[in-house]
Amino acid sequence: VIEKIREAGEEKVVFSFEFFPPKTEDAVDNLFERMERMVAHNPAFCDITWGAGGSTADLTLDIANRMQNMICVESMMHLTCTNMPVEKIDHALQTIKVNGLQNVLALRGDPPKGQDKFVQIQGGFACALDLVKHIRAQYGDYFGITVAGYPEAHPDAIGENGLATLEAYHKDLVYLKQKVDAGADVIITQLFYDTDIYLKFVNDCRQIGITCPIVPGIMPINNYKGFIRMTGFCKTKIPTEIMAALEPIKDNEEAVKAYGIHLGTEMCKKILAHGIKTVHLYTLNMEKSALAILMNLGLIEETKISRSLPWRRPTNVFRV
Ligand code: FAD
């Protein structure tokens, strides 16, 4: 992944898609059909998440391998430390290595369902930094390692008022630098809806000497309830103008989707205008909004996209 970003240089914008392991076999089949259509647009890479607490370990491994070898796209597998003794972590890493994958998103992970705090298991790692160090120690330079970055600080550091203290924010930055110094070569950010916060975060990272790409994680709004749930879980700041635009259309799914495409496009435009050359789309396994945003940005061709996409419908039902 880092090589692909470097090869693209200053001129070309690199985009990528994140997927998660679906719950049923039919849904897995549908996902592969969708992936095939999306990969036709030449993303630099695609990644697949690791269910909280290792709940999707086998399926994630299987999907990662099929993405790399059947869909033939540069693939990255997420791997978390939660509930993972070192042997299981090595089993996962060796499995993807044998199958030709070279990219890992190294994470601590969230607590499994029913638990509200991350607990280090015996013989396991305490944080993503431990996992990065382990991968570099055991596998040398074989893997490209990506880590998570939090423009608004990690949710654990965010207080009741929805903000991290300056001290907690800086502690988080210093810790992020430790992950990079230990061998991570790319950062992908947590979702955000205030682009100024992302741009400040990039600047703050540069100030403390983090030089690797800091890829913005963009999650198009697909439906109102999902958006509120996800931003609540991640403690993401929602700018007032976004809430004001969504409130009158929240029960109209098509209008919300169209607004999500409009907003995602504008966010990316602003980020790209500041010299960032990467866009990572949290697709939630859906193709239309992600592709519509890329098309609006002129990064993919319209001809390859189905004519029934929502941005073709009148979009003046929302206010911006
Ligand atoms: P860490 O980098 O270990 O940090 C966690 C927190 O602890 C931070 O606040 C950090 O500052 C603090 N901390 C840890 N160690 C130290 C230390 N030594 N010194 C100081 N501070 C420390 N979750 C999943 O379950 N599966 C996924 O596939 C998944 N994919 C994700 C992809 C992205 C791009 C992002 C942003 C998040 C993803 N998550 C995923 C969520 C992630 O697992 C949670 O946010 C988790 O709570 C933290 O993981 P981390 O790797 O950021 O943790």
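Describing the packing of helix H7 (residues 195-207) against helix H10 (residues 253-273)
And then number 1: Closest axis-to-axis distance for the H7/H10 pair is 10 Å, and the angle between their directions is 30°. The angle between H7 and H10 falls in the class roughly parallel. The chirality of how H7 crosses H10 is right-handed. Two secondary-structure elements touch here, H7 through Thr195, Asp196, Tyr198 and Leu199 and H10 through Met267, Lys270 and Ile271.
And then number 2: A class-by-class count of the residues in the contact of H7 with H10 yields four nonpolar, one polar and two charged.

Describing the sheet that holds strand E3 (residues 75-80)
And then number 1: The strand order across the open sheet formed by nine strands is E7-E6-E5-E4-E3-E2-E1-E9-E8, and the pairing between neighbours is parallel. The open sheet has two edge strands, strand E7 (214-215) and strand E8 (217-218), and neither has a second partner.
And then number 2: Across five bridges, strand E1 (residues 14-19) lies against strand E9 (residues 278-282) in parallel orientation. If you follow phenylalanine 17 over to E9, its bridge partner there is leucine 281.

A word on the packing of helix H4 (residues 86-98) against helix H5 (residues 128-139)
When two helices pack together, their arrangement is given by the angle between the helix axes and by the axis-to-axis distance.
And then number 1: Running from amino to carboxyl end, H4 crosses H5 at an angle of 55°, the nearest separation of the two axes being 12 Å. Between H4 and H5, the interaxial angle falls into the category oblique. The chirality of how H4 crosses H5 is right-handed. In this structure, H4 uses Val86, Ile89, Asp90, Leu93, Gln94 and Lys97 to contact H5, whose residues at the interface are Leu131, His134, Ile135 and Tyr139.
And then number 2: Residue classes in the contact of H4 with H5 are distributed as six nonpolar, two polar and two charged.

Describing the packing of aromatic side chains
And then number 1: Tallied over the full model, the rule gives six aromatic pairs.
And then number 2: Judged by centre distance (6.5 Å) and plane angle (55°), the ring pair of phenylalanine 17 and phenylalanine 19 falls under tilted.
And then number 3: Three or more aromatic residues joined by ring pairs make a cluster, and in this case those are Phe15, Phe17 and Phe19.
And then number 4: Just above the ring of tyrosine 142 sits the side chain of lysine 97; from NZ or CZ to the centre is 5.0 Å.

Regarding the site of the ligand
And then number 1: What surrounds the ligand is a group of 21 residues, the closest being Trp50, Tyr150, Asp172, Tyr175 and Lys179.
And then number 2: Here an oxygen atom of the ligand and a backbone polar atom of arginine 108 are 2.7 Å apart.
And then number 3: Alanine 128 is positioned such that a nitrogen or oxygen atom in its backbone is 2.8 Å from an oxygen atom of the ligand.
And then number 4: Here the ligand loses 83% of its free accessible area of 970 Å² to cover by the protein chains.
And then number 5: Only E3, strand E4 (103-107) and helix H6 (166-181) provide two or more residues apiece to the shell around the ligand.
And then number 6: Top contributing element to the shell around the ligand by residue count: H6, with three residues.
And then number 7: Counted by class, the shell around the ligand contains eleven nonpolar, six polar and four charged residues.

Calculation criteria
Residues numbered from 1 in each chain as written. Predicted model: local features only at pLDDT ≥ 70, side-chain atom pairs only at ≥ 80, totals over all residues. Heavy atoms only, no water. Axes fitted to C-alpha atoms, helices over the stretch in contact; angles between N-to-C directions. Helix = DSSP H or I, 4+ residues; strand = E, 2+ residues; numbered from the N terminus. Parallel < 35°, antiparallel > 145°, perpendicular 65-115°, else oblique. Left-handed = near helix turned anticlockwise from the far one by under 90°. Contact = heavy atoms within 4.5 Å. Nonpolar A, V, L, I, M, F, W, Y, C, P; charged D, E, K, R; others polar. Pairing = 2+ DSSP bridges. Phe/Tyr/Trp six-rings, centres within 6.5 Å; stacked < 30°, edge-to-face > 60°. Lys NZ or Arg CZ within 6 Å of the ring centre and 35° of its normal. Near = heavy atom within 4 Å. Polar contact = N/O pair within 3.5 Å; in protein donor to acceptor, adjacent residues only side chain to side chain. Areas by Shrake-Rupley, 256 points an atom, 1.4 Å probe, with all protein chains shown as cover.

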